[in-house]
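# Understanding the architecture of this molecule
What follows is the residue order along each chain.
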Amino acid sequence: MKKNIFFITIFILLCHTVFSQETEKIIQDIERKILQENNEEHLSELYEQLAHKYGSLNNYNKAIENYSNAMEISMKNKEYDKIASFYIHIGRNYYLDNQISESLENYQKVFIYEDKIKDSILAEAKQNMGIIYYNLSEFDKSLKYFESAYKIYSNRQDTINEATVIANIAVIYSLKGDIAKSIEYFNKVLNIFEDKKDTKSLLQIYSNMGVIYRKINSYDKSLEFYNKARHLLKDSKDSSGYKDLYLNIGGVYKAMELNDSAKYYFEKSYFLCLSLNDREREAGALNNLGTIYEAEKDYDKALDYYNKSLKIKQELGTKLSYISTYINIGKIYVEKNNFISAEKYLLTALLYADSLAVIDLQILANQSLYQLYDKKQDYQNALKYYKIFSDQQDTLLNRDKLEQINRLNIVYQTEQKNKENEILKSENQYNRQKMRIIYYLAGGLIIISIISVLLIISFYKQQKLKQANQTFILEQKLLRSQMNPHFIFNSLIAIQSYMFENDTMQAAQYLSDFAKLMRLILENSTEELIPITKERETMKYYLKLQQLRFENKFDYEIIIDKKIESDMVKIPPMLVQPLIENAIEHGMRMQKNKGLLKIMFTAKNEFIEICVIDNGIGMAKAKEISNMHEQKHKSFALKILNERLKNYTANETAKLNIQSNAEGTQVSFLIPIKYNKYD
């Protein structure tokens, strides 16, 4: 691995050296031509070429000097389009050289010629000024220039530049807390980039939409967009895109209080940033890892991560990025009862957040100050900051805005349907014209074809309805088998026995587990697919209650292959439970020694193998005992599971593979890896 990395590094450096030497040779050639050239038009072109070459070598001063020389000739000849373009080039080079005021000054000069130049040049200047003010965190000014550029691009029907500007406007509205406006603009962009199949731009849009839905606590919607981004990244060879994606997915899981999953993604992002030397994202990952240790109440470790993050952010010098870290450090000091340090960090964070007018950071800073003063018993200040943060939060998440967001989602989906209908309509019109021509040639054949198509469609619809009905019946059967009265009754009796024995703490614990299991079963029964992590949680509560019923007569292990992204990969709910029930009821229940039950999820190419293994008495012995006692109980578990697998996938690999002997039973099957129901 080290050799590969070293080779790639040398290859890039060698290429860069050759490129630099080649560029310098071209520069010398152009400079020689300039000394010999007398024609002003040709001379202006040579200065422009020379400026471009110096810019490619990051020699911004030389680039500016030569653009200025070219502009002098254009001014003499009153070539206003060229003059404005040269001001844009000069402004861009000043910006790249971090001379912001000089950059803005040159962009402003473009507006002197506003009535004399092409509107595309004017729009480019305004767009660039919007970018500069955005990076300066002056969002109102940035928005003004972006919206002005958007009008020009829209009138010109310049779709690509229009979409780029709309995306920037959407981001600014998000930062200003106007979520409904942000989603409205992002939906416009989605339509454009999906039509153009612009993968790179769609990746950014999906990621930004994920951030927005996380802000309004719509976590499923947020993960839906991140999954779309993840699918796009899978098809590209650019691994750097995963840095932000992992950070964002981790952020959603952190908000959902799934800290193990959040930590997993934050660490993946952190190590990727280290390998790519991306300091800005590295700081973000360190800050987010700090939030995990804070949640675990390891305040010293959290503070260490926050300080490392803040140091990098201060070196990079962007105020917006380190406000959140100031807040996090302040919150740690609140927990450590160091109120002086906490107040210092939180007030500094609020000062920056107010100056940049970033609503979500203002809310966070004011909320943290309320918590500080409440803990400090300074109730006057606590009430003051509580009112501020409460009012700001209501502004961000008021009912009208949420209704507007829902309306925008419906509008977007309706537009997508209308597009599809328009396409179908166009196709139908074309087909009708074609059919009229063909009709005179082979009318009878067309009638037969139409009848055939209608029969096929009718048959297909009947099959789909039959399949949907079968799915519903199976799900209801499965739910009833999960909630069978014997299990519920026996579980409650076992809990009751603890209460009679005065072990109220243990009884309360098991009663809590029972309630959680019932809630999970009912929740999951409404979903087509759930993450493996959620299925594991349901299994744990079920197995704990079964251990209670049978007085800890068996132990269990749930093993998930590390190659499986268990919080992303989804399976049908309550899929494994029938096999677990069979193993306990017919395998380990009747044996004398302590039983062991293993449930394993293993990645196998595009499939997951699910395997349930018990060390019980085996199926043959269980049947023999059942016959001896003339038990009439029928277990439908395997039959239901077989039908359910057959309905879930037509692939033959989905059938059950059963191996049983006197030492135990193993049941396994394969299902395809899915991230959502459309995979």
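Residues numbered from 1 in each chain as written. Predicted model: local features only at pLDDT ≥ 70, side-chain atom pairs only at ≥ 80, totals over all residues. Heavy atoms only, no water.

As defined by bridge partners, strand β2 (residues 554–560) adjoins strand β4 (residues 595–604) across seven bridges and the pair is classed as parallel. By the bridge assignment for β4, glutamate 557 is matched with lysine 598. (Pairing = 2+ DSSP bridges. Helix = DSSP H or I, 4+ residues; strand = E, 2+ residues; numbered from the N terminus.)

Right, let's talk about the packing of helix α10 (residues 199–215) against helix α11 (residues 219–235) for a bit. In the contact formed by α10 and α11, the axes pass within 8 Å of each other and the chain directions differ by 160 degrees. Looking at the two axes, α10 sits roughly antiparallel to α11. α11 is crossed by α10, and the crossing has left-handed handedness. In this structure, α10 uses Thr199, Leu202, Leu203, Tyr206, Ser207, Met209, Gly210, Val211, Tyr213 and Arg214 to contact α11, whose residues at the interface are Tyr219, Lys221, Ser222, Phe225, Tyr226, Lys228, Ala229, Leu232 and Leu233. (Axes fitted to C-alpha atoms, helices over the stretch in contact; angles between N-to-C directions. Parallel < 35°, antiparallel > 145°, perpendicular 65-115°, else oblique. Left-handed = near helix turned anticlockwise from the far one by under 90°. Contact = heavy atoms within 4.5 Å.)

This part is about unusual backbone geometry. In this structure, lysine 78 takes a positive phi of about 55 degrees despite not being glycine. Mapping lysine 78 onto the fold places it in the loop between α3 (60–76) and α4 (80–96). The backbone phi angle of lysine 297 is positive, close to 65 degrees, even though this residue is not glycine. Mapped onto the fold, lysine 297 is located in the loop between α14 (279–295) and α15 (299–316).

What follows is about the pattern of salt bridges. Pairing of side chains with opposite charge becomes possible as their charged atoms draw close. Applying the stated criterion across every chain, the model contains 18 salt bridges. Between glutamate 40 and lysine 76 there is a salt bridge, with its nearest N and O atoms 2.9 Å apart. Taken together, the residues span a long stretch of sequence, with glutamate 40 in helix α2 (residues 40–56) and lysine 76 in helix α3 at a distance of 36 residues. Residue classification places glutamate 40 among the partly exposed positions, given a relative accessible area of 30%. One salt bridge connects arginine 279 with glutamate 315, and the closest N-O pair in it is separated by 3.0 Å. One end of the pair, arginine 279, is in helix α14; the other, glutamate 315, is in helix α15, and 36 residues separate them in sequence. The class of arginine 279 is partly exposed, set by a relative accessible area of 32%. (Salt bridge = Lys/Arg side-chain N within 4 Å of Asp/Glu carboxyl O. Buried < 20%, exposed > 50% of the residue type's maximum accessible area, 1.4 Å probe, protein only.)

Here we take up the nonpolar core. If you look at the biggest cluster of nonpolar residues, it comprises 168 residues, and the most contacted ones within it are Val576, Ile580, Leu597, Ile599, Phe601 and Phe669. If one sorts the elements of this core by residue count, helix α8 (residues 159–175) sits on top with ten residues. Among residues more than four places away in sequence, those in contact with leucine 597 are Leu543, Asp555, Tyr556, Glu557, Ile580, Ala583, Ile584, Met588, Val612, Ile613 and Asp614. (Core = buried A, V, L, I, M, F, W, Y, C linked by side-chain atoms within 4.5 Å.)

Turning our attention to the sheet that holds strand β6 (residues 657–661). Taken together, the five strands give an open sheet; going across it, the order is β2-β4-β5-β7-β6, and neighbouring strands pair in mixed fashion. Edge positions in the sheet fall to β2 and β6, since each of these pairs with one other strand and no more. Going from strand to strand, the sheet's axes swing by 10 degrees on average, the running direction of each strand aside. Across five bridges, the pairing between β6 and strand β7 (residues 664–672) is antiparallel. Within β7, the residue paired with glutamine 659 across the bridge is glutamine 666. With respect to the sheet, helix α24 (residues 577–588) is in contact with β2, β4, β5 (607–614) and β7, its orientation differing from that of β4 by roughly 150 degrees.

Turning our attention to the packing of aromatic side chains. One pair of aromatic rings is described through two measures. These are the centre distance and the angle between the planes. Evaluation of the coordinates by the stated rule reveals 19 aromatic pairs. Ring geometry for tyrosine 67 and phenylalanine 86: centres 6.3 Å apart, planes at 40 degrees, overall tilted. Taken together, the residues span a long stretch of sequence, with tyrosine 67 in helix α3 and phenylalanine 86 in helix α4 at a distance of 19 residues. Judged by its relative accessible area of 5%, tyrosine 67 falls in the buried class. Ring geometry for tyrosine 173 against tyrosine 185: centres 5.7 Å apart, planes inclined by 15 degrees, an arrangement best described as stacked. With tyrosine 173 in helix α8 and tyrosine 185 in helix α9 (residues 179–196), this residue pair connects regions lying twelve residues apart in the sequence. Among the aromatic side chains, those forming a connected cluster through ring pairs are Tyr242, Tyr246, Tyr253, Tyr264 and Tyr265. (Phe/Tyr/Trp six-rings, centres within 6.5 Å; stacked < 30°, edge-to-face > 60°.)

Summarising burial for β5: six of the eight residues are buried, a large majority. Across eight bridges, the pairing between β4 and β5 is antiparallel. When the bridges of β5 are listed, methionine 600 appears paired with cysteine 611. Two successive antiparallel strands, β4 and β5, enclose a turn made up of two residues, where asparagine 605 displays a positive phi of approximately 55 degrees. Relative to β7, β5 runs antiparallel, the two being bridged by eight bridges. The partner of isoleucine 613 across the bridge, within β7, is glutamine 666.

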